[in-house]
Number of protein chains: 2
Amino acid sequence: MANTRIQIVKNILSANDRSAEENLEFFNARNILAVNIMASPGAGKTSVILQTIKALSPDTRIAVIEGDTAPVTIDSEKVSNLGIPVTQINTGGNCHLEAMMVRKGLQHLELDHIELLIIENVGNLICPASFKLGAHINLVTASIPEGDDKPYKYPGIYRGIDCLILNKIDLLPYVDFNQEYFRKGIEVLNPGIPVFPVSCKTLEGFNVWTNWLRSRMPGK
Amino acid sequence: MANTRIQIVKNILSANDRSAEENLEFFNARNILAVNIMASPGAGKTSVILQTIKALSPDTRIAVIEGDTAPVTIDSEKVSNLGIPVTQINTGGNCHLEAMMVRKGLQHLELDHIELLIIENVGNLICPASFKLGAHINLVTASIPEGDDKPYKYPGIYRGIDCLILNKIDLLPYVDFNQEYFRKGIEVLNPGIPVFPVSCKTLEGFNVWTNWLRSRMPGK
């Protein structure tokens, strides 16, 4: 029975990879830059998204897909309140988004003229790593109070990302966090990766992240 | 194929429930109080365990099982440095502990005279909820910087717990956190549940938690 299960999981994974490739082709055909934001619960994914919208919109036309494990609309409402098209995917208790879910979410979004699609993955430092969504940029939002040892403890999700946002740097004076140790853990897994220390509260460092993001958009 | 998978998952779940019951019988036969600590990565599970050991040991004889998704021994070493027997379970990338893993971990621990077994689950606010371990006390460690909306967003893991530790209250002056809103979210899911606001840094509130825990131990 164990073998049957492994076979099925393999099938699901490769089906997901195929869907992810289709999503990527879909984004490329429309000149949409897609960003997949992964993080631990409470690292500040939604805050990063809201501040990114405030920095880049309306010059950049943005849409958002919100992944949630439960049917609560707390995050989607915050995005919608900024006048940004948003669709929410409830995974029904599942611990990650899959490419096919994203594809379904896209069907509920008005994508004409959209240049940037931000996908907020489910808050989880393990499972989302195994499911590509077809995004151009896969990033982790870490946060100071989570601790500097997380890249060492959760290498699966920290490995192979395209950039890292280190959020809540306004809390550095109150928390023991060795930035050098943290960055070493990131660098070993992703040599040369851009790291953006930011505070969504004070906005310190935020323009470095949004300038980088803007530079990745087709036609900007 | 989907049905086959669901059937297999059901079999795994009920096999886990049977193992969990066996673990509980094992603990009861030896007068061991078993505690399963679940939390988001970085909420402070290990800090709570270390401070609990410092408060209760050596009067209470304690052993620890550390669940980790990767083969790093950061947490286990901290426990071992306090002279406490510890065994580490590497889930090999899996997102939760299962009862059978705990059973295997027990075989590597010297349990004679042990009164309290603390099991640190994998850092994850979703998956561990589906796998009972046979512990007497299932608890979530939340933390102030994670935000006050987590019980609403992750109801699966916040529902049906026996108590809650709200860690990092020393950061309350620096973070927007509405304790009333948070407690309402917990209370709706678990009417009358004990909530222990603590700081592992200043130790504020910590003795309320350890006194409660001591009161749950057989023979104390």
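Conventions used here
- Residues numbered from 1 in each chain as written.
- Chains lettered and ligands numbered in written order.
- Predicted model: local features only at pLDDT ≥ 70, side-chain atom pairs only at ≥ 80, totals over all residues.
- Heavy atoms only, no water.
- Least-squares fit on C-alpha atoms with pLDDT ≥ 70 in both.
- Contact = heavy atoms within 4.5 Å.
- Buried < 20%, exposed > 50% of the residue type's maximum accessible area, 1.4 Å probe, protein only.
- Helix = DSSP H or I, 4+ residues; strand = E, 2+ residues; numbered from the N terminus.
- Arc of directions from axis to C-beta.
- 1 Å grid on protein atoms, 1.4 Å probe; cavity = no way out; pocket = protein on both sides within 12 Å on 5 of 7 lines; lining within 4 Å.
- Points joined across faces, edges and corners; volume = space filled by probe spheres on them.
- Nonpolar A, V, L, I, M, F, W, Y, C, P; charged D, E, K, R; others polar.
- Buried area = accessible area lost by both parts, 1.4 Å probe.
- Salt bridge = Lys/Arg side-chain N within 4 Å of Asp/Glu carboxyl O.
- Core = buried A, V, L, I, M, F, W, Y, C linked by side-chain atoms within 4.5 Å.
- Axes fitted to C-alpha atoms, helices over the stretch in contact; angles between N-to-C directions.
- Parallel < 35°, antiparallel > 145°, perpendicular 65-115°, else oblique.
- Left-handed = near helix turned anticlockwise from the far one by under 90°.
- pLDDT = per-residue confidence, 0-100.
- Pairing = 2+ DSSP bridges.

### A closer look at the relation of the copies chain B and chain A
What connects the two chain copies is a rotation about an axis and a shift along it. Of the two same-sequence chains, chain B is brought onto chain A (RMSD 0.0 Å, axial shift 0.0 Å) by a rotation of 180°. Expressed as a symmetry operation, the mapping of one chain copy onto the other fits a two-fold axis. Same-surface contact between copies: 100% of interface residues of chain B are shared with the interface of chain A.

### Re helix α4 (residues 99–106) of chain B
Within the span of α4 of chain B, buried status applies to Ala99, Met101, Val102, Gly105 and Leu106 of chain B. Mapping the buried residues of α4 of chain B onto a view down its axis gives an arc of 160°, with all of them on the same face.

### A look at empty space enclosed by the protein
Under the definition given, this model contains one cavity of 30 Å³ or more. Surrounding the largest cavity, 15 residues form its lining, Ser143 and Glu146 of chain A together with Gly42, Ser143 and Glu146 of chain B being those nearest its centre. In the lining of the largest cavity, the residues fall into five nonpolar, six polar and four charged.

### Observations regarding helix α8 (residues 206–215) of chain A
All names here are of chain A. Those residues of α8 that fall on the buried side of the exposure criterion are Phe206, Trp209, Thr210, Trp212 and Leu213. For α8, the buried positions fall inside an angular range of 160° around the axis, keeping them on one side. Lining the buried residues of α8 we find β1 (33–39), α2 (45–56), β4 (116–120), β5 (137–143), β6 (163–167) and β7 (195–197).

### Brief notes about the environment of Asn94 of chain A
Inspection of the secondary structure assignment puts Asn94 of chain A in the loop between β3 (86–90) and α4 (99–106). For Asn94 of chain A, a relative accessible area of 37% translates into the label partly exposed. Here the alpha-carbon distance between Asn94 of chain A and Asp68 of chain A, two residues 26 residues apart in the chain, equals 8.7 Å. With near-sequence residues (within four places) excluded, Asn94 of chain A lies in contact with Thr69 and Val122 of chain A together with Ile126 of chain B.

### Details of the interface of chain B and chain A
In this complex, chain B contributes 39 residues to the contact, which on the side of chain A involves 39 residues. Counting each side, the surface lost to burial between chain B and chain A is near 3000 Å², with a carbon and sulfur contribution of 67%. At the junction of chain B with chain A, the criterion picks out two salt bridges. The shortest N-O distance in the salt bridge between Lys153 of chain B and Asp75 of chain A comes to 2.8 Å. Contributions of two or more residues to the side of chain B that touches chain A are made by α1 (2–29), α3 (74–80) and α5 (150–153) of chain B. Looking at the side of chain B that touches chain A element by element, the count peaks at five residues for α1 of chain B. In terms of residue class, the side of chain B that touches chain A is made up of 20 nonpolar, ten polar and nine charged.

### Quick word on the nonpolar core
Counting 48 residues, the largest nonpolar core has Tyr158, Leu164 and Phe182 of chain A together with Tyr158, Leu164 and Phe182 of chain B as its most contacted members. When residues of this core are traced back to their parent elements, those giving at least two are β5, α6 (155–158), β6 and α7 (179–189) of chain A together with β5 (137–143), α6 (155–158), β6 (163–167) and α7 (179–189) of chain B. Residue contacts for Leu164 of chain A: discarding those within four places in its chain leaves Val140, Tyr158, Phe182, Ile186, Ile193, Pro194, Val195 and Phe196 of chain A.

### Focus on the pattern of salt bridges
Residue and element names in this part refer to chain B. Scanning the model with the defined rule gives eight salt bridges over all chains in all. In this structure, Asp149 and Lys150 form a salt bridge, with 2.7 Å as the shortest nitrogen-oxygen distance. The pair formed by Asp149 and Lys150 is uniform in burial state, with each residue classed as buried.

### Considerations on the packing of helix α2 (residues 45–56) of chain B against helix α8 (residues 206–215) of chain B
Residue and element names in this part refer to chain B. Contact geometry for α2 and α8: axes closest at 10 Å, N-to-C directions at 70°. As far as their axial angle goes, α8 and α2 are roughly perpendicular. The chirality of how α2 crosses α8 is right-handed. Note on element contacts: α8 touches α2 through Phe206, Trp209, Thr210, Leu213 and Arg214, opposite Val48, Gln51, Thr52, Ala55 and Leu56. For the contact of α2 with α8, the per-class residue count stands at six nonpolar, three polar and one charged.

### Notes on the confidence of the model for chain A
Looking at chain A, pLDDT values average 94 and 95% of them are 70 or higher. Note on the complex model: pTM 0.93, ipTM 0.91.

### With respect to the sheet that holds strand β2 (residues 62–68) of chain A
Residue and element names in this part refer to chain A. Judged by pairing direction, the sheet is parallel, and its seven strands sit side by side in the order β3-β2-β4-β1-β5-β6-β7 without closing on themselves. In this open sheet, the two edge strands, each paired with only one partner strand, are β3 and β7. Here the average twist between neighbouring strands, direction ignored, is 20°. Pairing of β1 with β5 involves five bridges; the strand directions are parallel. Residue pairing in the sheet places Val35 in a bridge with Ile137 of β5.

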